Each structure stands twice: as structure tokens, then as C-alpha cells.
Amino acid sequence: MRAVLSAVTFLPVVGAALIFVLPRRWEGMVKVTALATSIVTFAVSVPLFTRFDASLSAYQFVEQRAWMPTLGVSYHLGVDGISLLLVLLTTFLMPLVLLSSWHSIERRWKEFAITMLLLETGMLGVFVALDLFLFYVFWEAMLIPMYLIIGIWGGPNRVYAAVKFVLYTLFGSLLMLVAILALYFLHGAATGAYTFDLPVLVRYVLPAGRAQNLMFLAFALAFAIKVPMWPFHTWLPDAHTEAPTPGSVILAGVLLKMGTYGFLRFCLPLFPQATMTFAPWMFALAVIGIIYGAWVSTVQADMKKLVAYSSVSHLGFVVLGLFTLNPQGMVGAIIQMVNHGLSTGALFLIVGMLYERRHTRLIADYGGLWSVVPALSVIFLIVTLSSIGLPGLNGFVGEFLILVGAFQVHRPAAVLATTGIIFAAVYLLWMYQRVIFGEVTHEENRRLPDLSLREWVILVPVLVFIVWIGVYPVAFTGKTEASVQALITQVQTKAAATAAMASR
């Protein structure tokens, strides 16, 4: 299993290079090459799951090479129980996204395929990088492909949405870069070792006070924008509404998770004292996001915008779970990241399928689809129920664990967050009722075709995981528990050491 992480991360680049040399007129070959590359990447990533030792909290499949030794920069990759599922979520979704683009992307397929594959490498790199410099390179590298996907293949206001997405993300990223450099120099001055290596940096006990608080806030702002947490969410509805279906799926399925992953991987272990100081504020923002996202979703007339705002609510649960700093909340948050990627990704896929048939996303333009497209209606119902958190489906597991964790730490926050589940049932079931049930009021809807073979192939794998995680979650939560427990111990130990230093 040597260099398996490098293979998973950079296989999409190899595919992009192959597509680059193909003539533009060979569009069919371009599509097949892109799809084959993503499938091979997924196949290569599967052993990460099957051979992962869940009893170990340490990084596994580690690769480390000197890159710029004089600067303390190394090519350091590895996965643990926190990043493993997110790597697999990325490689799992990409073939489905490319398959969903088969007809919805009507121009510049060659450029689109190259952009998507480069984006996949950027996303995977973020999840496997164990060097802060390398992480930042991947973090910034994925910004350009996403900008191009929204700006070239998006809707009428695509340029506005793309620029807004970049400006928001870039602002947070630059503050994070300043914090990375500050940490680098503080660690170097204290220990004599100037390094960006994450496992080395997390062993350093940073004194409590303004420096730690400011660095935590700089990292947290970058991640809060990416999640996006309220009130940093305003770029998300525009990006989702204007992005093409594959862009929306990847944005909701993977990119938003980089914010929540960043909190876990960097904020908590690097700045434990500041984490505890700001945890009540993060709780407050998370709960506001849960309720605000749900309320705004309820009044949306556009299905895509409704699903976009629902992400603000659902990811509020994830942030709530992360800052409980107990095993239930944090394991629940990690599994909820995967659940959101599956459920919301599937919702965007289904909205895209309806849009391909009717060229409208307005809820009022539908109604009575149950008798016209029964198979699509049934799958739409299952995905909607999974997003609500129905027991037996994936969404229930994550939200339940998060609420159990939150209840132990902050009962009022847990109670308020629970209302988000009720509101989710209101806006999602109300949308479903208006789109699927009732009489067919638009003649165009009577002639809609049901699911094609390609669409079955896209949706069935997602349904399998929605049910699998709902019925037997331990196959997934079991992979994360050792790493989560080690992280909690590390945060508590470092926070105690920091407090002891401050009291001297």
C-alpha cells in the first residue's frame, strides 16, 4: 500500500492530462476518459477503507518526503478516522457527478472534464495533507476550478456568483495564511524548529492569551465562510443557484465539508484553550444557523435555493457537534458530514434531473408528478426523508448523536437545535407535497419521462449508502471513534497545560 494516498490524490491529474491531449471533437472519448479516471480513483481509494485499522488513532498510509527542507516544508500525507470518510465521499461522488453531467453540460466538455478532475485533486489534497503549507496549496488550488465551473457553466448571473464565491473564500484564506505564518514563527522561536508539519505543531503548547485567540479566530473565519456558518453564508445561495448541477453537487457534497473538517483538524488541536473560550459563541452561531437556514428554506420558491439554504441549517448541526468536545457529538458531526454529502448531493441531482426535463426549478411549475414519474418520485421521497432525519435512514444517526452530545454540554442549545429537525420536516415535506402530489396543473408535466438507465445508475449507489448508514452505522462510525477520542484527550491535555502555564 505504498504511495496509495499519492495515487488517489493525483490520479485525477493524470486523467486531466490525458484529456488535454485528446482532440476537442472526440467529445465521447473525453467523457469516457473523465468517467473512467474517476472510477479508477474511487477503486484505488476503497482499500483505504477496507485496510484501515479502526483501533488506531494515529495517521495511517503515511507518506513523507522532504520538499523544501530549509523552510520546514514536507510532502506529508496521511489519513485517520477524521479524514478517511471524507476522502471516500469525494471519490465516491465524483463519478456520479460526471455521469450526471453527460447531457446537462452542453459546451466545452473537454475543459469541463479537466476542471472537474483538477478540482477532485484539490479536494482530496485538503483532506490528506499533514503539512500546513501543503494544505494551504491544495486549499487555494481548488478555488480556481470551482470559480471556473460556476463562472463558465453556470446560470445567467454566473459571473457575479463566481466572483462573490472567490472574494469570500479568499478573504478568509488570507487571514488563515497570516495565522499559519504566525504559528510557524512562534513555534520556531520557542523550539528552534521552524516547520509546517502538523503532527509536530500540534504537540506544541501555545501560551493562552491574545496570540492564541487571534490565530484561532483567523482559522475559524476561513472555515466558517467555507461551511458556511451564519452570518458568513450569503455567498452560498448565489453559488448554488447559478452553478450547474455537477457544481452544486460537489459544492454541497464535498466543498462545504472542508470548513467543518478544518475546525476538527486544525482549530481544535492547535488552539485548545481558544477552542474552549469560543465554544459558547460557536454554539450560538450554530444554533442561529440551524433555525435561520430552516426558516429561510421554508419561504423559497426555487427548489435549488431551498436545498442551498437547508445546507446552512444542516451544517449548523455539524458545527454544534464539533464543539461539544465529547465523543457522541464529534462522531455524530463526522458522520453527519458524510450524510449531508449524500442526502443533499442527491437532492441537487434530483432537482437537476427535473430541470433537464422542464427547464425550471420553481416549485409552482410542478405538481402531480407522482402519476407521471413514479420511480423518480419514490427516490425523491426517500432522499427527502433521509435529509429530514427519519429513523432507519442516514440523517437520523448523525443528528441524534449530535443532539445527545449537545444535551450533555448545553441543554438550551440542544433544545433549540432540535426545533431545526421539526422545521426541516416542514420545508422539505411541503416542497415535496407541492412538487409531487396533487393534480397535474401544467400540461408540460404530463409528458415528462421517468428515470433513464443512466439516472438509475447515478441514484441507486447513493440510496444504498443512505440505507446502509441508517441501518448499520457502526460500519462507518467505528472507523472514527479512536481518532475522535484521541483528539478529545489531546485538546483537554493541552488546554490543561496551557492553563497551568498561565497560572504560574
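Small disclaimer: the values here were computed from a predicted structure and weren't measured.

Q: Quick question: what am I supposed to make of the overall build of the chain here?
A: Per the secondary structure count, the chain includes 20 helices and two strands. Relative to its length of 504 residues, the chain is compact, with a C-alpha radius of gyration of 22 Å against a globular reference of 23 Å. Looking at the chain residue by residue over its 504 residues, the buried ones come to 61%. At a minimum sequence separation of 6, the contacts of the chain that also span at least 24 residues come to 80%. A total of about 18300 Å² of accessible surface is found on the chain, and carbon and sulfur atoms cover 70% of it.

Q: Help me understand the pattern of salt bridges, please; the structure alone is not making it clear to me.
A: As enumerated under the stated definition, the model contains eight salt bridges in all. Of the charged contacts in the structure, one is a salt bridge between aspartate 238 and lysine 164, with a shortest N-O distance of 2.8 Å. On the criterion of sequence distance, the pair formed by aspartate 238 in helix α10 (residues 235–242) and lysine 164 in helix α7 (residues 158–191) is long-range, its members being 74 residues apart. Take aspartate 238: its relative accessible area is 21%, and that puts it in the partly exposed class.

Q: When you look at the layout of surface pockets in this model, what are you seeing that I'm missing?
A: Where empty space is left becomes clear once a probe the size of a water molecule has been rolled over the atoms. Approximately 610 Å³ is the volume attributed to the largest pocket. Lining the largest pocket are 22 residues, with Ser104, Trp153, Gly154, Pro244 and Tyr355 positioned closest to its centre. Per element, the largest residue contribution to the lining of the largest pocket is four residues, and it comes from helix α15 (residues 327–358). Per-class residue counts for the lining of the largest pocket are seven nonpolar, nine polar and six charged. Space inside the second largest pocket adds up to approximately 280 Å³. Together, 14 residues line the second largest pocket, and Phe42, Phe49, Leu88, Phe465 and Phe476 are the ones closest to its centre. Contributing elements (two or more residues each) for the lining of the second largest pocket: α2 (27–50), α3 (84–104), α15 and α19 (453–471). Residue composition of the lining of the second largest pocket, grouped by class: 13 nonpolar, one polar and no charged.

Q: What should I look at first to understand the nonpolar core in this one?
A: Counting residues in each nonpolar core, the largest one holds 186 residues, and the members touching the most others are Phe263, Leu320, Phe323 and Val435. By residue number, the principal contributor to this core is α15, which donates 16 residues. Setting aside residues up to four positions removed in sequence, leucine 320 forms contacts with Phe283, Ala286, Val287, Ile290, Ile402, Ala406, Ala413 and Ala417.

Q: Where do I start with the pairing of strand β2 (residues 73–79) in this structure?
A: Moving residue by residue along a regular strand, the side chains alternate between the two faces of the sheet. The element β2 is extensively covered by neighbouring structure, given that seven of its seven residues are classed as buried. In β2, alternate side chains face the same way, and those of Val73, Tyr75, Leu77 and Val79 on one face and Ser74, His76 and Gly78 on the other are all buried. With antiparallel pairing between neighbouring strands as the criterion, strand β1 (residues 60–68) and β2 make up a hairpin whose turn holds four residues, including glycine 72 at a positive phi of roughly 75 degrees.

Q: So what exactly am I meant to see when it comes to a nonpolar patch on the surface here?
A: A cluster of nonpolar side chains, namely Leu453, Trp456, Val457, Val460, Val464, Val467, Trp468, Val471, Tyr472 and Val474, defines an oily patch on the protein surface of about 920 Å² accessible area. In terms of residues, the nonpolar patch owes the most to one element, α19, which gives eight residues. With respect to the helices and strands, the residue tyrosine 472 is situated in the loop between α19 and α20 (474–503).

Q: Would you take a moment to explain helix α13 (residues 272–298) for this structure?
A: Along its 27 residues, α13 runs 37 Å from first to last C-alpha, staying within 8% of the 39 Å computed at 1.5 Å per residue. Phenylalanine 278 marks where α13 bends most, by close to 50 degrees; the proline proline 280 follows one to four residues later.

Q: Looking at this model, I keep getting lost on the environment of leucine 175. Mind explaining?
A: Residue position: leucine 175 is located in helix α7. Taking C-alpha positions, leucine 175 is 5.3 Å from alanine 218, a pair spaced 43 residues apart along the chain. Among residues more than four places away in sequence, those in contact with leucine 175 are Ala218 and Leu221.

Q: How should I be thinking about unusual backbone geometry in this particular structure?
A: Proline 228 follows valine 227 through a cis peptide bond whose omega is -5 degrees. Looking at where proline 228 falls in the secondary structure, it is placed in the loop between α9 (210–226) and α10. With an omega of 10 degrees, the peptide bond running from tryptophan 230 to proline 231 counts as cis. Tracing the sequence through the fold places proline 231 in the loop between α9 and α10. Its identity as a non-glycine residue notwithstanding, arginine 108 has a phi of 55 degrees, on the positive side.

Q: Just checking my understanding: could you explain the packing of α3 against α15 for this structure?
A: When two helices pack together, their arrangement is given by the angle between the helix axes and by the axis-to-axis distance. Between α3 and α15, the least distance of the axes is 11 Å, while the angle of their chain directions is 0 degrees. Taken together, the axes of α3 and α15 lie roughly parallel to each other. In this structure, α3 uses Leu85, Leu86, Leu89, Phe92, Leu93, Ser100, His103 and Ser104 to contact α15, whose residues at the interface are Ile335, Met337, Val338, Gly341, Leu342, Leu349 and Glu356. Looking at the contact of α3 with α15 residue by residue, the classes come out as 10 nonpolar, four polar and one charged.

Q: What am I meant to see in the packing of aromatic side chains here?
A: To describe a pair of aromatic rings, one takes the distance between the centres and the angle between the planes. Per the counting criterion, the structure on display carries 33 aromatic pairs. On the numbers, 5.3 Å between centres and 55 degrees between planes, the contact of phenylalanine 165 with tryptophan 235 is tilted. Placement of the pair is phenylalanine 165 in helix α7 and tryptophan 235 in helix α10, with a sequence separation of 70 residues. Both rings, one in phenylalanine 263 and one in phenylalanine 323, keep their centres 5.5 Å apart while their planes meet at 75 degrees; by these two values the pair is edge-to-face. Here phenylalanine 323 lies in the loop between α14 (303–322) and α15 and phenylalanine 263 lies in helix α12 (residues 257–270), a separation of 60 residues in the sequence. The exposure classification of phenylalanine 263 matches that of phenylalanine 323, with both residues buried. The rings of Phe135, Trp139, Phe219, Phe223, Phe263, Phe266, Phe271 and Phe323 are connected pair by pair, giving a single aromatic cluster. For arginine 358, the ring lying beneath its charged end belongs to tyrosine 366, and the centroid distance is 5.8 Å. The aromatic ring of tyrosine 355 is capped on one face by arginine 361, whose charged end is 5.6 Å from the ring centroid.

What counts, and at which threshold
Residues numbered from 1 in each chain as written. Predicted model: local features only at pLDDT ≥ 70, side-chain atom pairs only at ≥ 80, totals over all residues. Heavy atoms only, no water. Helix = DSSP H or I, 4+ residues; strand = E, 2+ residues; numbered from the N terminus. Rg over C-alpha atoms; globule rule 2.2 N^0.38 Å. Buried < 20%, exposed > 50% of the residue type's maximum accessible area, 1.4 Å probe, protein only. Contact = heavy atoms within 4.5 Å. Areas by Shrake-Rupley, 256 points an atom, 1.4 Å probe, with all protein chains shown as cover. Salt bridge = Lys/Arg side-chain N within 4 Å of Asp/Glu carboxyl O. 1 Å grid on protein atoms, 1.4 Å probe; cavity = no way out; pocket = protein on both sides within 12 Å on 5 of 7 lines; lining within 4 Å. Points joined across faces, edges and corners; volume = space filled by probe spheres on them. Nonpolar A, V, L, I, M, F, W, Y, C, P; charged D, E, K, R; others polar. Core = buried A, V, L, I, M, F, W, Y, C linked by side-chain atoms within 4.5 Å. Pairing = 2+ DSSP bridges. Patch = residues over 30% accessible without salt bridge, like charges linked within 9 Å, V, L, I, M, F, W, Y side chains within 5 Å. Expected span 1.5 Å × (residues − 1). Bend = angle between axes of the 7 residues up to and from the residue. Axes fitted to C-alpha atoms, helices over the stretch in contact; angles between N-to-C directions. Parallel < 35°, antiparallel > 145°, perpendicular 65-115°, else oblique. Phe/Tyr/Trp six-rings, centres within 6.5 Å; stacked < 30°, edge-to-face > 60°. Lys NZ or Arg CZ within 6 Å of the ring centre and 35° of its normal.

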